[in-house]
Amino acid sequence: MTDWFSRMVPLAETDGPAMYALMQEMFEHLPDPRWYYGSTQEELEEQARMGFATGIWEGERLVAMNFLVPAHLADHGGYAAQLGHDSTNSLNYDGIVVAPDYKRRGIQSAFLERARKLGYKTIYATVDPENVPSLASFEKAGYVRVAQENIFDGRPRVFMKLDVE
């Protein structure tokens, strides 16, 4: 089994084209594009510049990336604040993108474990209610569903929360 955790590296602003290409590849294979809220290449580059993006490379190809944003630095104030919860020492699991040919290899589980190890009290994420594989992955990692609301551009999202021990 591949040790994905040890292969994670911070992404740089210059990785923007690879990040955007991976996101476009993922979108082409989604059963429903509403499952994921996409970003422009410039937004992805900004995430990397701010230190929020981590990736896994296979040679010259970016095969997975994850975005973790401390709630106090999130544009929207953090998912905890959106729900009226205490956002102190809270982390937003803002997204994960895995190349279609790398799915079901434990990459999301490795990124979820990395988030757990960063020292935050709580971690929040949002998932489309019809994205059963992602919901199951979060629940397997100990996250619980705490709400469902329409956010971003009116899409329904399940808010998931993990209290880190």
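Whatever comes next refers back to the structure up there.
Everything in this summary refers to the structure shown in the same document. (Residues numbered from 1 in each chain as written. Predicted model: local features only at pLDDT ≥ 70, side-chain atom pairs only at ≥ 80, totals over all residues. Heavy atoms only, no water.)

## Observations concerning unusual backbone geometry
Right, on to step 1. Phi angles above zero are rare outside glycine, and Asn-89 is one such case at about 55°.
Right, on to step 2. As for its position among the elements, Asn-89 is in the loop between α4 (79-82) and β4 (90-98).
Right, on to step 3. Here Asn-89 falls in the partly exposed class, since its relative accessible area comes to 39%.
Right, on to step 4. Even without a glycine there, the phi angle at Arg-104 is positive, about 65°.
Right, on to step 5. You can see Arg-104 is positioned in the loop between β4 and α5 (107-116).
Right, on to step 6. Classification of Arg-104 as exposed rests on a relative accessible area of 84%. (Helix = DSSP H or I, 4+ residues; strand = E, 2+ residues; numbered from the N terminus. Buried < 20%, exposed > 50% of the residue type's maximum accessible area, 1.4 Å probe, protein only.)

## Quick look at the pattern of salt bridges
Right, on to step 1. Following the criterion strictly, the structure yields 9 salt bridges and no others.
Right, on to step 2. With its nearest N and O atoms 2.7 Å apart, the salt bridge here joins Arg-49 to Glu-46. Taken together, the residues Arg-49 and Glu-46, both in helix α3 (residues 41-49) and 3 residues apart, mark about one turn of the helix.
Right, on to step 3. Among the charged side chains, a salt-bridge network with shared partners connects Glu-25, Arg-61 and Asp-101. (Salt bridge = Lys/Arg side-chain N within 4 Å of Asp/Glu carboxyl O.)

## Observations concerning the nonpolar core
Right, on to step 1. If you look at the biggest cluster of nonpolar residues, it comprises 40 residues, and the most contacted ones within it are Met-19, Met-65, Tyr-93 and Tyr-143.
Right, on to step 2. Sorting elements by how many residues they give to this core places strand β3 (residues 61-70) first, with 6 residues.
Right, on to step 3. Grouped together as the second largest cluster of nonpolar side chains are 6 residues, Tyr-79, Leu-83, Tyr-124 and Ile-151 included. (Core = buried A, V, L, I, M, F, W, Y, C linked by side-chain atoms within 4.5 Å.)

## So, the packing of aromatic side chains
Right, on to step 1. All chains considered together, the criterion is met by 4 aromatic pairs.
Right, on to step 2. Consider the rings of Trp-4 and Tyr-102, whose centres lie 6.1 Å apart with planes at 75°: the pair is edge-to-face. In this pair, Trp-4 is assigned in helix α1 (residues 4-7) and Tyr-102 in the loop between β4 and α5, connecting sequence segments 98 residues apart. The burial state of Trp-4 is the same as that of Tyr-102; both residues are buried.
Right, on to step 3. Taken together, the aromatic side chains of Tyr-93, Phe-138 and Tyr-143 make up a single cluster linked through ring pairs.
Right, on to step 4. Directly above the ring of Phe-5 sits Lys-117, whose terminal nitrogen or CZ lies 4.7 Å from the centroid. (Phe/Tyr/Trp six-rings, centres within 6.5 Å; stacked < 30°, edge-to-face > 60°. Lys NZ or Arg CZ within 6 Å of the ring centre and 35° of its normal.)

## Regarding the sheet that holds strand β6 (residues 144-151)
Right, on to step 1. The mixed open sheet is built from 7 strands, whose spatial order is β1-β2-β3-β4-β5-β7-β6. Bordering the open sheet on either side are β1 (8-10) and β6, each of which pairs with just one other strand. Sheet twist, expressed as the mean angle between neighbouring strand axes with direction ignored, is 30°.
Right, on to step 2. In this structure, β1 lies alongside strand β2 (residues 53-58), joined through 3 bridges in antiparallel fashion. Across the sheet, residue Val-9 finds its bridge partner in β2, namely Gly-55.
Right, on to step 3. Here α3 sits on the sheet in contact with β2, β3 and β4, set at roughly 65° to β3. (Pairing = 2+ DSSP bridges. Axes fitted to C-alpha atoms, helices over the stretch in contact; angles between N-to-C directions. Contact = heavy atoms within 4.5 Å.)

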